[in-house]
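Summary of structural features
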Amino acid sequence: MSTNRRILTKKTENISNFINNYHSDVINEVEESINNNRVVVVGMAYNPHVSKVNKVLAEQGVQFKYLEYGSYFSMWSQRLSIKMYTGFPTYPQVFVDGTLIGGCDDTIKELNEGTLFNDLKKK
């Protein structure tokens, strides 16, 4: 039996304020990049899934902005703030035209299906 996990939407004002202000400089940088670039990859060093999605996008000729926040050994709280902001638990986090499409597997699936990235590839 398959059950979809729900995202908690009911939060107190204090919790919402905490999430909105936790490393707000990082969230502002991510939001600005999403607003100014068609494709944004948010990741971390030494993560093989991040490396894979960056490589595949580059090979397919998709221009993208890459934001890196530390590694397994640093900047965990900044990455946590991004996870709290997006509600997505892993890296990379790939955004296309302002929409979070998911991680590495989701991005490769979209590339293989040819729907989302067709007009983003270099001619």
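Structural notes, computed from the coordinates.

Cut-offs and rules
Each chain has its residues counted from 1, running along the sequence as written. The predicted nature of this model means local features are confined to residues of pLDDT at least 70 and side-chain atom pairs, given and counted, to a pLDDT of 80 or more, with totals for whole chains, interfaces and linings taken over all residues. Side-chain numbers here rest on the full set of heavy atoms in the structure, without hydrogens or water. Going along the chain from the N terminus, every DSSP run of H or I of four or more residues is numbered as a helix, and every run of E of two or more is numbered as a strand. What the globule rule says is 2.2 Å times the number of residues to the power 0.38, and the radius of gyration is computed from C-alpha atoms. In the sections that follow, a salt bridge refers to a side-chain nitrogen of Lys or Arg positioned within 4 Å of a carboxyl oxygen of Asp or Glu. Only protein chains enter the accessibility calculation, which uses a 1.4 Å probe; a residue whose area is less than 20% of its type maximum is buried, one above 50% is exposed, and one in between is partly exposed. Whether two residues are in contact is decided by their heavy atoms, any of which lying within 4.5 Å being enough. In this description, a line fitted to the C-alpha atoms serves as the axis of each element, helices being fitted only across the stretch in contact, and the angle between N-to-C directions of two axes falls anywhere from 0 to 180 degrees. Put simply, angles under 35 degrees are roughly parallel, angles over 145 are roughly antiparallel, angles from 65 to 115 are roughly perpendicular, and the rest are oblique. For any helix crossing, the convention is left-handed if the near helix is rotated counterclockwise from the far helix by under a right angle, and right-handed if that rotation is clockwise. Classification used: nonpolar for Ala, Val, Leu, Ile, Met, Phe, Trp, Tyr, Cys and Pro, charged for Asp, Glu, Lys and Arg, polar for all others including Gly.

**Brief notes about the overall build of the protein chain**
- Of regular secondary structure, the protein chain possesses 5 helices and 4 strands.
- Ordered by position from N to C terminus, the α and β elements of the protein chain give α-α-β-α-β-α-β-β-α.
- In terms of C-alpha radius of gyration, the protein chain reaches 15 Å, essentially the compact-globule figure of 14 Å for 123 residues.
- With the C-alpha coordinates aligned to their principal axes, the bounding extent of the protein chain is approximately 50 × 40 × 25 Å.

**What about the pattern of salt bridges?**
- For the coordinates displayed, the defined rule picks out 2 salt bridges.
- Measuring nitrogen to oxygen at the nearest pair gives 2.8 Å for the salt bridge that ties D97 to R38. Separated by 59 residues along the polypeptide, D97 in the loop between β3 (93-96) and β4 (99-102) and R38 in the loop between α2 (24-36) and β1 (39-43) bring together distant segments of the chain.
- Under the relative-accessibility criterion, D97 is labelled partly exposed at 46%.
- For R38, a relative accessible area of 38% gives the class partly exposed.

**Quick look at the side chain of T107**
- Along the chain, T107 falls in helix α5 (residues 104-113).
- Taking relative accessible area as the criterion, T107 reaches 0% and is therefore assigned buried.
- Other than its neighbours up to four places away in sequence, T107 contacts V53, L57, V94, I101 and F117.

**What about the packing of α2 against helix α4 (residues 76-86)?**
- Look at α2 against α4: their axes get within 9 Å of each other, and the N-to-C directions meet at 60°. If you check the angle between α2 and α4, you find them oblique. α4 is crossed by α2, and the crossing has right-handed handedness. Residue-level contacts link V26, I27, V30 and E31 of α2 to Q78, S81, I82 and Y85 of α4.
- The class makeup of the residues in the contact of α2 with α4 is 5 nonpolar, 2 polar and 1 charged.

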